[in-house]
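# Examining the three-dimensional arrangement
Letter by letter, the chains look like this.
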Amino acid sequence: MDREASGSPSDVESDCLQLQDDDPSQETIKDKEPALPPDFEWLEELSDEDDGDVGGDLAVAPDIGKKRSYAETARMFKLRRNLDQLDCFHRQKEHDVLKAREKLNLWRQNIESLLEQRDHLESKIEQQKASDNSSVAVFRLRTQHKHLCQKLQSEEELEGHISAELKQQELELSEVEVELGKFSLLRQEVQEEEQLFQVLKTQKAAARLQQERRVNQNLQIKMQQLRNKQAAMVKKEETECQKKIEASQASHKIAAKYLKQTIKRMHQQEAEKEQQKRELLEKRIEAVKSLKSNIAATQESLRVQQSAAKANVQKKEQHQRQLRESLQAQGINSIKQMYQLKQLQEIKQQQEEFQKSQKSKRVEIIEKVHQQDQLMRSKKRNQTMLLKPTDKFQALRRTREKLWYYLDPIPPSAPEERDTTRLREFSDSSSSSSAASDVEDLEENIQQEVDRHSLAEPEFSGLWDQNYKTLFKATSEQMQREVKQEEPEKTSVKLNISAKKVHGKEFKVPFFISKPEVILFKNFEVGQKYKKKIILTNISYTVNHCKLLRVSAQLKDFISINFEPPGSLATGMACDLQVVFQPMINKDLEGEIQFASAVGPFSVPIRCTIKKCNLKVDSQFIDFGSHVVGQTVSRTITLTNKGALATLFSLDTSPCLSPETRDVQMPSQVSAKTCQVTCSQSTASNNYKDAAEIQPKQQSEELSETVQEEQTASEASVTCPEAVPEAYLPSHVNIQTDQSPSDSSDIRLGNVREGEVRPFESIKLEIVFTPTVPGDNKLDFHIKFSDITTTPISIQVRGVAVSIPVWVVEPNIDLKICTFDRLFQDTIVVQSRASTAMKLTFEVCPEMRKHMEILPKTGFIQAQSSFNAQLKFMPRRSLSTDAKKFFDSDTGVLEVPMTVQVADQVQPAHFTVHAVVTSSDLQFDQTEVDFGYCSIYQSVKSSIHLSNISLLPQDFGFVGVPEFIEIKPNDGFGTLLPQETLEIDLIFSAKMAKKYHFQLNCKSGMNRDFLLPCRAVGVHPPLELSHSLVQFGATAVGDHATATVYLTNHHTDRFQSKQPVGKDSMAPAVHRLFSFALPENSDITITPLAGRLLPGERCLVQVIFSPTLLDKEIKEEALHRLHRAKLLREKELERNKHAETQKEIPVEPSKGKKASVNPKNSKMSGDPKTDKLPESPDSANIQPGSEQYEEAKDSLLYSFSRRYREYTIPCFVSDGDPPEEDRQAQPTWSPINTLYMKLQCAAVQPPLVVTSNNGHNIIDFQQVAVGEKAIKKLTVQNISKESLDLRSSVLDTQGPFSLLSALRCIRPGEKHTLILAFSPTLDKKYLEMLEVQSQKMTLEMTLRGEGVVPAVISSHTGGLLDFGYVLEKETTSQVVKLQNDSPLAVGFRVLLASLSPSRPCGGADRVALLLDRYVDSRDQSPVGSQNYSGLSVFSVVPGEGSIAPGQSQDITITFQPDHLSVNYSDKLTIMLKNKSKVCVLDLKGAASLHNMYVSGGDLLTVPIESLLPSLITDQPQLTAESEAVERPSIPLLVTLQANYCAGVITPAVRELQVGCIRSTQSTKKSGEFYWDNMTSLQQHGFTVEPCKGNVEASHKRTITITWTPHSGYKPYEVVQLCVPLAVKGDETNVYRVTLMASVSMCAD
């Protein structure tokens, strides 16, 4: 086996010898190189590449030496292969020899062991023999010895065989060694050639590397140039951007300038608007006062009316009681008698109402009749010829006279007697029946009596001979009175059905829906009774009731309602009613049933349609084609009646009548009636010449009524077909079939020429063509109907007669639809009427010979027989170019005229081949499908479009689909209609990471294959999702569901499958960044949305599904609701307009004038304000938070059923971290690593919804001041059908939020209010979640708020606020401005210490306040002198208030003393509501009797008025000059103290203030002052500047007093001097100023 597998050494030797003999230096090899074996063909390609490389690189060419041929290289490789085979054979032989030697050694050892055993047995046998034992033991030992000898012999034979085999193998090994020795030189030569070949290969690799380096350098240069260009472009863009910024800044400055002007103008406009608002408010207050007085007066009048009504009721009851007692006293059944009287009164009332309605109807009929008369008169003037009256017109005249008789009121005596008799009979027989049924019976009896009387002939001539004016005037006046009486009733009804408010919302739309929405009685018959059941459902948000109001006026005689009021209906409850329709007239009716509810009126429309005819034929054009003379051909048309009304028809060969001339050409009942009325007008025109004129609008109504009468006549004819008048058919049409003029033509009608078409049935009408004369034949006829509303149907018939002896039976051979490259056959039948056999030759035009063939081409047709030929048609693709004039490539229509040449016949037989040629191709919209990169965990879907460009439907199917491809729909099988395009989804699921190249085979039903190449790349992504499909359970809207998914980075440092194929696919693992991309307007939240995973790390991802209502859906619902409300308002407005129009057009027949219209009512009806409806807003105008938006949102929540959506979320995975050079740069994101997660989300209706706060779950307390408490309420409602047990999550006990109300179980439809509080303690924002949990959902509420420390700044920082001097009983004010810099409104209070009940009572502690040098002391609360009147000296406005964010508040402090004092003081504190102080002001002021004052001296008295002694006038005078002063002087002390230090005396300086008070009381606006005795001052060292001067009003002047001691001044000596200071204002006052000066010593 081994020898055969490896080959014999002779074969290897022969190969080597052959290669050795083939010396490359021989001339034969150089001239012609031998062909390479198949396994060395790659060497030829390698040689060609070597040639190209050597030729392209001159630097490597000298190193290669001479060029090696590919034959030499092939010889080298073949030698190496043979030598390797020989070496392998030698090794095999060595192995065989060694194996044989081991086997021989093993066998020899076995033989030696057997010899030893034999010797041992022989010794034992000898021992047994020697011991004379039994023969049994010896026999046993001998037997063993015998077997052992046999075994030894066989082993020796095997040893010889093995030794011989070993010798043979050693011989073969020696032969192989000899052969190896022979090829030693050849082996050395091959080794040298291999070394040379390796050197050549190394040199070529170096040359290629150098070439690649040059290419790389060129590429780097280009990249650098590109970077430089990009940098220049970026710099240019920056320059342009800077210019734009500068321009925008300049424009911003200009805009700011104009903005300031605009703001100023807006402030002015706001001030004007504020003034207008104040005026409007005053007017409204006055209007409210007057309204209150009017309401009081109205209430008083209502009380009077109610008391009067009660008195009337009591009187009536008393009267009935007395009547009952009197009847009982007479022995009469009082209950029965009272009941009968009550019934009689009701019957009389009903009769009166019926008579009123009859009168109004009579008036309407009279108006319409008069309009018809006027119309006939106008037609009479316009017509040139009048038709003569016939018997039909006389009958119509009698019918008109009967109509006037019916309209004539019955003489009063006869009907009253009959009614009284009927009532008496009814009163005697009504004891056992109900009141309602008795009334109905009585009405029926009266109606029968009227009908019976109306059938008799009238006793007088009718309305035409009576005075029409009197009746017309009476009826019109009666109608006007009834209309005026009905107006207040309608007004009251309107008031009762006005809009209602429910839960604070006003509803203006009906809140009941009916099922069905429209009550439809279709195809009714007069005299029949129809019933329908209607269900009314309450769809409002509150308990409602339903009350039947009325039926439309045009339907009340035919419609009856069986309805029992159900009482109060809860939301969603329904009630039913039965509508009974008994038609009396044959016309379409429309109207409505009106109801009233608690929130307003609503109506249900009713539509009743009569039976009508709808007649159609299947074809109005019949073409018989060409037929031989004498042949009979028939065609059939189908006349179908799709309506519910039967009609008579007749076929007429006269020209078809047009709709405009039909009335003239077909004298119908309408024309007869018109002539009748015209003739009657001519005879009786003198009797009503002065009648009222008719308006054009009334003429149109008369025309419509005339059409209705025509319909009534047509219906009567349908009921009795045999009684159809001849007027419905043309006079020149003969009913007998044999006398029809159409019989004279070659085309004639069948036996059925007239008859009846029943509803929803069809009739076959036969048309026969029997050509008698060659040529064209045609017949035009139309089908007439007895129904005058149905237009006659025109039919055109065409046929051609031919007379050749040999003709083609089918002159038009239709091959239908054919496809290219497929064979289609048909038979050509040739008929002969000749008496002899004739030769036929079938000719095909040259253009069609490639595509069409007729077999046989020549033949003989026998006499009076037929001949069949076979037509073969195989259209080629070149048909459009070969036969352009026969084939239309756009439509695919082929029409080929063919000829049959007949011997001895001049005219050949022609026939035409028709076909529609189309392609059978199926076309893909893509030539190749590229799925791209697909993860092995995901599937990729690609959609393709398969189009059938043929005109035939084709079946298709994808066959041989690989297992990793799925085709949808129907697994890739289906049928394509003509010109249809089907979208097919190809789903690719990679099984492993590799490249995929495959083809999809789409096979058509015609066994054609259409291949679609596909390619894809399977990828093993670095990250893996634990679940690629997440299915959420049913989640309520407003709730959320959470799913957990793990994202794992399975790749470690050993491997990483970034690429599917290639050597570089195994790369070291790196960090991975991931990011999920959520779709827009989705209800999905993923946490974390992005992150970073290390190799081997796993990340938990939470997917949250929170279903909500989309903003687009809410806006669409809002628009729908607004549109529905608009339609209802339009319908109501039209109804109101119709009612107003009927009121506004009263008929006044007097003096023949036109009906007058109330101008007031017409003005009201034409008012654009009432007629114009508000336009429906666009969806962009409906903003979230508006009323329409919230109502639509609530409507969607309450009607929400179920919503299912699927999302596919991509997870993008990066190729690694950002580069180390720039960590801020974005890493590369490869699309091949993208993961996908599919989410299936189902949303259901929430059982618990928030009804307050506009339905929002976010409770925002806004900004609340620290220390204050804000409370808000939230209401939830159970909208499910089950009770819900509510419980809540626990809020933070240390947080600011708290739930104050307890939760409980709420039943379906109930509401519960949650009370929440917010009390911030710090200046920061707070946010907390509160969960309200139930069995089916968890309603999350977000509580948020912000604690804010109020920031209020005062314009006065605090301390002393001095008002200065004020005249007594005058005022002065100062303003303190508070600025609120906090973002919320802040409340404040202003407190005065003098008004505080806990103010200090002492006065000694306030002395420091009144000193000249004010010392701030916050611990003291000084309150100085107060007014004698008891009022506070200082007043503050406002005392409290609130400051808006960013606004300021002015606080006015007024000082108003009522007596003279300089000790006025108080303390003012501005405090916020959270007890924090803004500022503390010490108020100080002084009051003076005169406008001039002096201040600045030392205190002489205690600053408390209660401790002051009485005024001392007998004080000793200090100077002699003061004796001359007559008026008492005012003392003033000024102390001066100079400093003596280091021999230098510093002069003492003091200042006095002289001021002038501005006052309205004083006439003098300024004052003056001057010093007396200035000489004595200078003598004592005093200097005063200025010594005199003037002071303007409200100004001060400072007097500086300087004391400089003389040179002889003695230390510690006090210099005292009294000097008068006179001030002159409104009066002159003298201040006695005492100057006391001394020197203080200071240490050196």
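The structure displayed is predicted, hence computed values, not measured ones. (Residues numbered from 1 in each chain as written. Predicted model: local features only at pLDDT ≥ 70, side-chain atom pairs only at ≥ 80, totals over all residues. Heavy atoms only, no water.)

## Looking at the overall build of the chain
- When helices and strands are tallied, the chain shows 22 helices and 77 strands.
- Partitioning the intrachain contacts of the chain with sequence separation of at least 6 by distance along the chain shows that 72% fall at a separation of at least 24.
- Per element, the accessible surface of the chain, about 98100 Å² overall, is 51% carbon and sulfur. (Helix = DSSP H or I, 4+ residues; strand = E, 2+ residues; numbered from the N terminus. Contact = heavy atoms within 4.5 Å. Areas by Shrake-Rupley, 256 points an atom, 1.4 Å probe, with all protein chains shown as cover.)

## Observations concerning the environment of V599
- Tracing the backbone through its elements, the reader meets V599 in the loop between β10 (589-597) and β11 (600-610).
- Residue V599 is classed as buried on the basis of its relative accessible area of 4%.
- Along the chain, V599 and T542 lie 57 residues apart, while their C-alpha atoms are 9.4 Å from each other. (Buried < 20%, exposed > 50% of the residue type's maximum accessible area, 1.4 Å probe, protein only.)

## Description of the sheet that holds strand β35 (residues 965-968)
- Spatially, the four strands line up as an open sheet ordered β31-β33-β37-β35, and their pairing is antiparallel. Two strands lie at the open edges of the sheet, namely β31 (922-924) and β35, each paired on one side alone. Taking the axes of each pair of neighbouring strands and ignoring which way they run, one obtains an average angle of 30 degrees across the sheet.
- As defined by bridge partners, strand β33 (residues 940-948) adjoins strand β37 (residues 981-988) across eight bridges and the pair is classed as antiparallel. Directly across from S942, in β37, lies its bridge partner L986. (Pairing = 2+ DSSP bridges. Axes fitted to C-alpha atoms, helices over the stretch in contact; angles between N-to-C directions.)

## Regarding the pairing of strand β67 (residues 1477-1488)
- The buried fraction of β67 amounts to nine of the 12 residues, a majority that puts the element mostly inside the structure.
- In the sheet, strand β60 (residues 1359-1367) pairs with β67 via seven bridges, with the strands oriented parallel. Counterpart to Y1365 in the pairing with β67 is A1486.
- As defined by bridge partners, strand β66 (residues 1461-1472) adjoins β67 across nine bridges and the pair is classed as antiparallel. Paired with S1461 across the bridge in β67 is A1487.
- Counting the residues that bridge the hairpin from β66 to β67 gives four residues, and of these K1475 lies at a positive phi of roughly 70 degrees.

## Examining the packing of aromatic side chains
- Considering all chains together, one arrives at 29 aromatic pairs under this definition.
- Between the aromatic rings of F563 and F595, the centroid separation amounts to 6.0 Å while the plane-to-plane angle is 80 degrees, which identifies the pairing as edge-to-face. Within this pair, whereas F563 is found in the loop between β7 (559-562) and β8 (568-569), its partner F595 is found in strand β10, the two being separated by 32 residues in sequence.
- Look at F1455 and Y1464: their rings are 5.6 Å apart centre to centre, the planes differ by 70 degrees, and that puts the pair in the edge-to-face class.
- Classification of F1455 as buried rests on a relative accessible area of 0%.
- Judged by its relative accessible area of 0%, Y1464 is buried.
- One aromatic cluster in this structure is built from F931, F964, F988, Y996 and F998.
- The ring of F521 carries K532 above its face, with NZ or CZ at 5.5 Å from the centroid.
- The ring of Y1046 carries the charged tip of R1098 above its face, separated from the ring centre by 4.1 Å. (Phe/Tyr/Trp six-rings, centres within 6.5 Å; stacked < 30°, edge-to-face > 60°. Lys NZ or Arg CZ within 6 Å of the ring centre and 35° of its normal.)

## Remarks on a nonpolar patch on the surface
- On the surface, a nonpolar cluster with roughly 260 Å² of combined accessible area is contributed by L219, M223 and L226.
- Looking at the secondary structure, you find L226 in helix α8 (residues 184-329).
- The exposure class of L226 is partly exposed, given its relative accessible area of 39%. (Patch = residues over 30% accessible without salt bridge, like charges linked within 9 Å, V, L, I, M, F, W, Y side chains within 5 Å. Salt bridge = Lys/Arg side-chain N within 4 Å of Asp/Glu carboxyl O.)

## Here's the deal with unusual backbone geometry
- A cis amide bond links K968 to the next residue, P969, at an omega of 5 degrees.
- In this fold, P969 is placed in the loop between β35 and β36 (973-976).
- For the peptide bond that leads from T1087 to P1088, omega is -5 degrees, which places it in the cis range.
- Positionally, P1088 belongs in the loop between β44 (1084-1087) and β45 (1090-1093).
- Residue N970 is not a glycine yet carries a positive backbone phi of 60 degrees.
- In this fold, N970 is placed in the loop between β35 and β36.
- Relative accessible area serves as the criterion here: at 60%, N970 is assigned to the exposed category.
- A positive phi angle, near 55 degrees, is found at N1081, a position not held by glycine.
- Within the secondary structure, N1081 sits in the loop between β43 (1072-1076) and β44.

## Thoughts on the packing of helix α6 (residues 70-131) against α8
- Viewed as axis vectors pointing N to C, α6 and α8 meet at an angle of 130 degrees, and their least axial separation amounts to 10 Å. Accordingly, the angle class assigned to the pair α6 and α8 is oblique. For α6 against α8, the interelement crossing comes out left-handed. Between α6 and α8, the contacting residues are T73, R75, M76, F77, L79, R80, L83 and D87 on the first element and L186, R187, E189, V190, Q191, E193, E194 and F197 on the second. (Parallel < 35°, antiparallel > 145°, perpendicular 65-115°, else oblique. Left-handed = near helix turned anticlockwise from the far one by under 90°.)

## Description of α8
- The first and last C-alpha atoms of α8 sit only 166 Å apart over 146 residues, clearly below the 218 Å expected at 1.5 Å per residue.
- Along α8, the positions that sit buried rather than exposed are L186, R187, V190, E193, F197, L200, Q203, K204, A207 and L327.
- At the C-terminal side of α8, G331 shows a positive phi close to 85 degrees. (Expected span 1.5 Å × (residues − 1).)

## Concerning the pattern of salt bridges
- Counting across every chain of the model gives 39 salt bridges.
- Among the salt bridges present, the one from E172 reaches K93, with a minimum N-O distance of 2.9 Å. With E172 in helix α7 (residues 135-182) and K93 in helix α6, this pair connects stretches of sequence that are 79 residues apart.
- Residue classification places K93 among the buried positions, given a relative accessible area of 5%.
- Here E1282 makes a salt bridge to K1336, at a shortest N to O gap of 3.4 Å. Remark: K1336 occurs in the loop between β57 (1325-1333) and β58 (1338-1348) and E1282 occurs in the loop between β51 (1270-1278) and β52 (1284-1285); sequence separation between them is 54 residues.
- We classify E1282 as partly exposed; its relative accessible area is 44%.
- Here the residues in one salt-bridge network are D821, R877, D921 and R1008, joined through shared partners.

## Looking at the sheet that holds β36
- Pairing is mixed in the open sheet, where five strands are placed in the order β32-β39-β38-β34-β36. Of all the strands in the sheet, the pair left with one neighbour each is β32 (929-935) and β36. Ignoring which end each strand starts from, the neighbouring axes of this sheet average 25 degrees apart.
- Relative to strand β39 (residues 1009-1019), strand β38 (residues 995-1004) is paired through nine bridges, and the arrangement is antiparallel.

## Quick notes on a negative patch on the surface
- A contiguous patch of negative charge on the surface is contributed by E112, E116, D119, E122 and E126.
- Examined against the element boundaries, D119 turns out to sit in helix α6. (Lys, Arg positive; Asp, Glu negative; His and termini not counted. Charge placed at Lys NZ, Arg CZ, Asp CG, Glu CD.)

## Focus: the packing of α6 against α7
- Interaxial distance between α6 and α7 falls to 8 Å at its minimum, and their mutual angle equals 160 degrees. With respect to their mutual orientation, α6 and α7 come out roughly antiparallel. Our pair here, α6 against α7, has a crossing hand that is left-handed.

## Topic: the pairing of β37
- As paired strands, β35 and β37 are joined by four bridges and run antiparallel to one another. Bridge pairing links E966 to I987 in β37.

## A closer look at the environment of K556
- Among the secondary structure elements, K556 is positioned in the loop between β6 (544-551) and β7.
- Separated by 35 residues in the primary sequence, K556 and G591 have C-alpha atoms spaced 9.4 Å apart.

## Comments concerning the confidence of the model for the chain
- Looking at the chain, the pLDDT average stands at 76 and 74% of residues meet or exceed 70.
- Across residues 405-476, where pLDDT falls below 50, the model places 67 contacts with residues more than four positions away in sequence or in other chains.
- Contacts from residues 1401-1421, a stretch scored under 50 in pLDDT, to residues over four places away or in other chains number 28 contacts. (pLDDT = per-residue confidence, 0-100.)

## Points about the environment of T836
- With respect to the helices, strands and loops of the structure, T836 is situated in the loop between β23 (824-832) and β24 (838-843).
- Its relative accessible area of 47% is what places T836 among the partly exposed residues.
- Through-space distance from the C-alpha of T836 to that of I861 is 8.6 Å; in sequence the pair is 25 residues apart.
- Discounting residues that sit within four places of it in the chain, T836 has contacts with I861, Q862 and A863.

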